[in-house]
Amino acid sequence: MGCSAISFSYSTLLGFSIHVFGKVLIRIRESTIAAKRGKEMSLRVREERLYVENQLGNSVLQAVFQGTVELPVNAEGIARVVWVKGHPVISKIAAGEDQVKLQGAIDIQMVYVPEVLEGDTAELQRVEWPGAIPFDHYVDIVGAEPYMTAEASLDVVGCEYEVRPDRRVVDLDVLTLVKASIKTGQSRNVITAAAVGAPKKLVTDELTLNTRIPILEVPFNKEITGIVELPEEADSISKILDVRCELIVPPVEVAQGKMTITGTTEVDLIYVAVGGGVRRVVFENQLPLEVDHHDPILDQDMGVKVKTSANWDAFVVNDGRAVRIELSVSGTAEVNRRQVTRVLTSLSCPTDESIETRTETINVDSVVNEKAHQTVVQGILELLETDPPIRELLRAEARPQIVDYRVEEDKVTLEGAVDIELIYLAYTDEELKPLHSVTFPAALPIQQSIVIGGLEPGMKVNFETAVKVIKTDLINRETIEVFVTLRFDVEVLEEIQADVVVEAIEMTPPDPDPPSVTYVFVQEKDTLWKLARQYHSDETAILQANSWLQDEGKIELRPGDKICIPRK
């Protein structure tokens with residue numbers, strides 16, 4: 001029989017019994033309340049909020065996106081392509097059923113030598129196709145669900161092309177490297193310490209977890225415009241061929257109630273000079289970025305991970321002596337705090353078995369160690385017979401790709417390769433501006449072993465690879481030696497599955513003549529499990545007697561709620 005059919009007042013509960021057909025149906029007196037709700041128990045526990053995060057899986061794969069671009073109507077036909085570059089813009093990342101979905105488009109930029117009549121001078125041309133190749137791609141990760149947190153990136157590692165016979169249409173195969181990961185995270189209360197009054201004694205087991213608590217996620221967008229001026233000795237600009245902007249963000253310092261994200265941009269410019277010739281100029285510490293965020297929750301013990309993406313446009317100004325850069329930066333600052341928590345995995349009182357506990361199984365990635373490692377990879381590159389010899393090297397770019405790793409004892413070995421792209425002026429009499437580009441896929445092998453304390457086989461290893469410096473030495477016109485300084489940031493996680501104590505109660509002897517039902521008003525920290533144990537009832541019976549709890553869909557007791565507890 002449910003309890004909702006009984007009507008009563010608060011004073012009735014405190015002072016009277018209600019009799020139906022001579023049988024006591026409800027019996028709650030003031031002395032009973034004191035015994036059940038106000039008695040000082042000797043068990044004392046400390047509860048803490050634990051954030052549990054688990055990286056469900058990740059995947060790295062190569063994907064090829066195909067498309068076609070056509071020259072503008074007024075553009076001259078293509079005699080020779082110098083380069084084709086792709087810049088991805090991701091508009092959406094979302095988790096799905098066993099997959100991570102990415103949507104966006106790849107902007108295409110091409111520099112080429114146009115077809116001209118014999119005797120005329122061919123001027124290098126630059127063409128852009130924003131959003132030329134849209135993509136709606138997915139990466140398989142078994143176990144992914146739509147409610148989980150997805151992270152993904154897509155990098156262009158190469159562009160293959162074929163110019164059609166009309167010399168105006170280009171078919172493209174854009175090679176990309178797609179990385180995706182899925183993780184889950186939730187907070188829950190756990191018991192981290194317990195004590196009991198003499199003469200009782202407690203026996204406990206505990207587990208130490210090293211986790212990060214997400215505090216804030218601060219999105220930001222910033223429009224930055226700046227003028228970069230050429231050095232006095234540099235030739236004036238006739239036409240921009242390529243601009244590369246790299247935003248450099250140093251570690252963020254957090255103060256009480258405030259954090260400031262700062263950064264500067266390195267601008268790498270290749271252009272056609274007035275009067276002929278192709279030049280390259282690099283501008284450092286340009287276009288300063290500053291984003292302030294105020295929140296009382298911030299303090300100096302927190303860490304910040306900043307993720308940014310940037311798009312830009314460049315315009316020649318001041319009669320070719322400067323370039324105006326319009327930089328659009330979007331990003332997210334993820335604020336977290338390191339948490340070292342000792343949680344109880346068991347709690348008992350062997351002398352009288354008066355302590356009852358409830359446990360839950362958690363799956364959590366506990367941070368074992370982090371390490372930054374820097375190394376130099378080098379190699380000698382040879383031009384193909386079809387490539388003209390090098391007269392002047394303008395730019396060298398490096399793109400590292402880690403394709404596998406293995407763990408042996410306390411070290412991880414990363415394996416992959418570095419792609420190298422060279423942009424240079426060639427020895428040739430065929431053109432006035434003999435600009436060429438050549439790519440060496442997997443030019444420099446990577447096999448780097450890093451010793452990390454605490455690492456064991458079976459642990460998860462996350463890593464990020466960045467190019468810090470690239471240097472070149474031109475041995476001869478066909479041979480070049482390349483030195484690439486790489487930085488590896490490695491994080492080791494141990495996936496722990498454990499039953500942890502989330503609730504504990506000291507039991508009192510049952511009433512020899514319990515009432516048929518008991519009404520209580522919910523107090524702070526009361527749960528269905530605690531009330532069922534405290535009144536020697538059953539959780540299922542309490543739910544059946546209080547159907548409104550189930551109607552709300554989520555069983556959550558609030559202080560002041562009126563609960564009917566039937567006799568077991």
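This text follows the structure it describes.
Structure report, in brief. (Residues numbered from 1 in each chain as written. Predicted model: local features only at pLDDT ≥ 70, side-chain atom pairs only at ≥ 80, totals over all residues. Heavy atoms only, no water.)

1. What about the overall build of the protein?
We count it as follows: Secondary structure is summarised from DSSP: a helix means a run of H or I of at least four residues, a strand means a run of E of at least two, and numbering begins at the N terminus for each. We compute the radius of gyration over the C-alpha atoms and compare it with the globule rule, which gives 2.2 Å times the number of residues raised to the power 0.38. Exposure is judged per residue with a 1.4 Å probe applied to protein chains only, and the accessible area is read against the type maximum: over 50% gives exposed, under 20% gives buried, and values in between give partly exposed. By definition, residues are in contact when any of their heavy atoms lie within 4.5 Å. Under the convention used here, Asp and Glu are negative, Lys and Arg are positive, and both His and the chain ends fall outside the count. To locate a charge, take atom NZ for lysine, CZ for arginine, CG for aspartate or CD for glutamate.
Looking only at helices and strands, one finds 5 helices and 23 strands in the protein. For 568 residues, the compact-globule estimate of 2.2 N^0.38 gives 24 Å, and the protein exceeds it by more than 25% at 34 Å. With 568 residues in all, the protein has 43% of them scored as buried. Long-range contacts, defined as pairs at least 24 residues apart, comprise 77% of the intrachain contacts of the protein with a sequence gap of at least 6. On the protein, the mean spot of the 57 positive side-chain charges and the mean spot of the 91 negative ones are 9 Å from each other.

2. Looking at the nonpolar core
The following threshold applies: The definition of a nonpolar core used throughout is a set of buried Ala, Val, Leu, Ile, Met, Phe, Trp, Tyr and Cys residues joined through side-chain atoms within 4.5 Å.
Of all hydrophobic cores here, the largest spans 35 residues; its most connected members are Leu71, Ile78, Ile106, Ile108, Met110 and Ile182. Contributing elements (two or more residues each) for this core: strand E3 (44–70), strand E4 (78–96), strand E5 (99–114), strand E6 (125–140), strand E7 (149–163) and strand E8 (169–195). Filtering out sequence-adjacent residues up to four positions away, Ile78 remains in contact with Leu71, Met110, Tyr112, Val113, Glu115, Val163, Arg167 and Val170. Membership of the second largest hydrophobic core comes to 34 residues, among which are Val267, Leu269, Leu287 and Ile325.

3. What to know about the sheet that holds E3
This is how it is decided: Here, a strand pair is defined by DSSP locating no fewer than two bridges between the strands. A fitted line through C-alpha atoms serves as each axis, taken over the contacting stretch for helices, and the angle formed by two N-to-C directions is quoted from 0 to 180°.
The sheet built from 3 strands is open, its strands ordered E3-E8-E7 with antiparallel pairing. With one partner strand each, in any of the chains shown, E3 and E7 form the two edges of the open sheet. For this sheet, the mean angle separating the axes of adjacent strands, direction not counted, is 10°. Where E3 meets E8, 26 bridges bridge the pair, whose relative direction is antiparallel. Its bridge partner lying in E8, Gln55 is registered against Lys183.

4. Notes on the sheet that holds strand E14 (residues 303–317)
Spatially, E9-E15-E14 is the arrangement adopted by the 3 strands of the open sheet, whose pairing is antiparallel. Looking at which strands have only one partner, the edges of the open sheet turn out to be strand E9 (203–229) and E14. Adjacent strand axes in the sheet meet at a mean angle of 5°, parallel and antiparallel pairs treated alike. Both E14 and strand E15 (residues 322–348) contribute to a ladder of 15 bridges, which runs antiparallel.

5. Description of the packing of aromatic side chains
Selection criterion: For Phe, Tyr and Trp, where Trp contributes only its six-membered ring, two rings pair if their centres lie within 6.5 Å, and the inter-plane angle classes them as stacked under 30 degrees, edge-to-face over 60, or tilted in between. Working rule: Lys NZ or Arg CZ, within 6 Å of ring centre, within 35 degrees of ring normal, means a charge sits over the ring.
The tally for this structure, following the rule as stated, stands at 2 aromatic pairs. A centroid spacing of 5.5 Å and a plane angle of 35° characterise the contact between Phe65 and Phe135, whose relative ring orientation is tilted. On the criterion of sequence distance, the pair formed by Phe65 in strand E3 and Phe135 in strand E6 is long-range, its members being 70 residues apart. According to the relative accessible area criterion, Phe135 is buried, its value standing at 5%. Here the guanidinium or amino end of Lys85 rests over the ring plane of Trp83, the centre of that ring lying 5.3 Å away. Across from the ring centre of Tyr427, 4.0 Å away, lies the NZ or CZ of Arg477, which sits over that ring.

6. Regarding the environment of Ala314
Position of Ala314 relative to the elements: it lies in strand E14. The partly exposed category is assigned to Ala314, whose relative accessible area is 25%. The spatial distance from the C-alpha of Ala314 to the C-alpha of Leu202 is 71 Å, given a sequence separation of 112 residues.

7. Regarding the side chain of Asn546
The cut-off we apply is this: Pairs of N or O atoms are called polar contacts if they sit within 3.5 Å, as long as, within protein, a hydrogen donor faces a hydrogen acceptor (for residues adjacent in sequence, only side-chain-to-side-chain pairs).
Positionally, Asn546 belongs in the loop between helix H4 (539–545) and helix H5 (547–551). Within the structure, the side chain of Asn546 is placed 2.8 Å from the backbone oxygen of Ile542, a separation counted as a polar contact. Among all residues touching Asn546, those that are not within four sequence positions of it are Lys562, Ile563 and Cys564.

8. Thoughts on the side chain of Thr341
Summarising the element assignment, Thr341 is placed in strand E15. Only 3.5 Å separates the side chain of Thr341 from the side chain of Gln339, close enough to count as a polar contact.

9. What about unusual backbone geometry?
Peptide bonds are trans in most cases, and residues, glycine excluded, mostly fall at negative phi. The residue after Ala198, namely Pro199, is reached through a cis peptide bond having omega 10°. By secondary structure assignment, the location of Pro199 is in the loop between E8 and E9. Of note in the backbone geometry, Glu409 takes a positive phi value of approximately 55° without being a glycine. The residue Glu409 is located in the loop between strand E17 (390–408) and strand E18 (411–426) in this model. A residue is classified by how much of its surface remains accessible, and Glu409, at 65% relative accessible area, is exposed. Its identity is not glycine, yet His536 carries a phi of approximately 50°, on the positive side. Considering the arrangement of structural elements, one finds His536 in the loop between helix H3 (528–534) and H4. Given a relative accessible area of 23%, His536 falls into the partly exposed group.

10. Things to note about the environment of Tyr161
With respect to the helices and strands, the residue Tyr161 is situated in strand E7. Once the C-alpha coordinates of Tyr161 and Asp473 are considered, the two residues, 312 residues apart in sequence, prove to be 30 Å apart. Aside from chain neighbours lying at most four places away, what touches Tyr161 is Val81, Val84, Val170, Asp171 and Leu172.

11. Thoughts on the environment of Glu115
Position of Glu115 among the secondary structure elements: in the loop between E5 and E6. Once the C-alpha coordinates of Glu115 and Arg80 are considered, the two residues, 35 residues apart in sequence, prove to be 8.2 Å apart. Beyond its immediate chain neighbours, meaning those up to four positions away, Glu115 contacts Glu76, Gly77, Ile78, Ala79 and Arg167.

12. Section: the pattern of salt bridges
Rules: Here, a salt bridge means any side-chain nitrogen of Lys or Arg that lies within 4 Å of a carboxyl oxygen of Asp or Glu.
With the rule as written, the count across this model stands at 37 salt bridges. The salt bridge involving Arg46 is made with Glu48; its shortest N-O contact spans 3.6 Å. The partly exposed category is assigned to Glu48, whose relative accessible area is 29%. A salt bridge links Arg358 to Glu503; its shortest N-O distance comes to 2.6 Å. In this pair, Arg358 sits in strand E16 (residues 355–382) while Glu503 sits in strand E21 (residues 479–506), placing the two residues 145 residues apart along the sequence.

13. A few points about the pairing of E8
The side chains of a regular strand alternate, residue by residue, between the two faces of the sheet. In terms of strand pairing, E7 meets E8 through 14 bridges, oriented antiparallel. When the bridges of E8 are listed, Gly158 appears paired with Leu175. Here E7 hands over to E8 after 5 residues, with Arg167 in that stretch at a positive phi of 60°.

14. Points about the pairing of E17
One ladder, built from 16 bridges, connects E17 with E18; its direction is antiparallel. Bridge pairing in E18 places Gln401 opposite Ala417.

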